[in-house]
Amino acid sequence: DQQVKQNSPSLSVQEGRISILNCDYTNSMFDYFLWYKKYPAEGPTFLISISSIKDKNEDGRFTVFLNKSAKHLSLHIVPSQPGDSAVYFCAAPRGEAGANSKLTFGKGITLSVRP
Amino acid sequence: ETGVTQSPTHLIKTRGQQVTLRCSSQSGHNTVSWYQQALGQGPQFIFQYYREEENGRGNFPPRFSGLQFPNYSSELNVNALELDDSALYLCASSLDRGPYNEQFFGPGTRLTVL
């Protein structure tokens with residue numbers, strides 16, 4: 001049961017252009033969402049988050065948009081840089097009793113930024 | 001400030017064997033979570049420890065077990081290894097167990113079961 005879905009396994013963009021990474025979720029209990037970035041041979045690192053009371057959160061070149069009615073969020077990277085090439089995971093913690101910080105991850109999107 | 005460290009980096013075992021993976025949490029963090037990342041998949045939650053007690057478990061069989069020590073470091077033990085246990089095992093620590101506490105991941109242990 002894939003509660004967080006990243007349906008596009010990969011994305012390739014030109015340096016300087018916008019990268020848009022999409023994520024869908026099915027669990028209405030999710031009220032907080034995170035994006036993690038992962039380089040090979042490293043653990044995931046936190047990138048940006050958004051609470052369900054907002055529809056947008058911005059941090060430098062990174063913006064996350066949340067559409068609760070569609071159960072959809074997207075990560076925008078503008079402008080994209082070659083160092084952004086990595087696997088990006090969308091994740092949500094479960095807000096229920098017991099391990100309520102358990103993260104449910106999507107399968108990830110491999111972003112390649114071409115110089 | 002030292003980040004989350006894991007040992008060993010790589011491990012090769014055969015089916016039926018047992019393995020212990022280790023994790024040192026970030027300084028001041030009392031919560032450790034373990035995740036399994038199979039090839040081409042996102043990390044999947046195994047279990048979480050908070051102040052030396054198990055604080056929730058994912059959909060993994062009992063042969064996956066763990067411990068957390070008084071210094072909040074942690075171990076993941078897997079008995080009777082199966083081929084499907086081949087994966088990257090990630091440990092994450094956080095300041096506390098609440099859902100909005102950022103989780104800091106270690107680099108992982110790559111386990112190969114032959």
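Everything discussed here concerns the structure shown above.
Residues numbered from 1 in each chain as written. Chains lettered and ligands numbered in written order. Predicted model: local features only at pLDDT ≥ 70, side-chain atom pairs only at ≥ 80, totals over all residues. Heavy atoms only, no water.

Engineer: Before we move on, could you go through a nonpolar patch on the surface and cite the residues and values that matter?
Structural biologist: Residue and element names in this part refer to chain A. There is a patch of nonpolar side chains on the surface, built from Ile-18, Ile-20 and Val-78 and spanning about 230 Å² of accessible area. Note that Val-78 resides in the loop between β8 (72–77) and β9 (86–93). Accessibility expressed as a relative area gives 42% for Val-78, which makes it partly exposed. (Patch = residues over 30% accessible without salt bridge, like charges linked within 9 Å, V, L, I, M, F, W, Y side chains within 5 Å. Areas by Shrake-Rupley, 256 points an atom, 1.4 Å probe, with all protein chains shown as cover. Salt bridge = Lys/Arg side-chain N within 4 Å of Asp/Glu carboxyl O. Helix = DSSP H or I, 4+ residues; strand = E, 2+ residues; numbered from the N terminus. Buried < 20%, exposed > 50% of the residue type's maximum accessible area, 1.4 Å probe, protein only.)

Engineer: Describe the state of the cysteines, and please don't skip the residues or the numbers.
Structural biologist: For the structure shown, the criterion picks out two disulfides over all chains. Covalently, Cys-23 of chain A is tied to Cys-90 of chain A through a disulfide, its sulfur atoms 2.1 Å apart. On the S-S bond that ties Cys-23 of chain A to Cys-90 of chain A, the torsion sits near -75°, and the link is left-handed. Of this pair, Cys-23 of chain A sits in strand β3 (residues 19–25) while Cys-90 of chain A sits in strand β9, placing them 67 residues apart in sequence. Given a relative accessible area of 0%, Cys-23 of chain A falls into the buried group. Between the sulfur atoms of Cys-23 of chain B and its disulfide mate Cys-91 of chain B the distance is 1.7 Å. Note on the Cys-23 of chain B and Cys-91 of chain B pair: the S-S dihedral is about -50°, so by sign convention the disulfide is left-handed. Here Cys-23 of chain B is found in strand β3 (residues 19–24), whereas its partner Cys-91 of chain B is found in strand β9 (residues 87–94), with 68 residues between them in sequence. Cys-91 of chain B carries the same exposure label as Cys-23 of chain B, and that label is buried. (Disulfide = S-S within 2.5 Å.)

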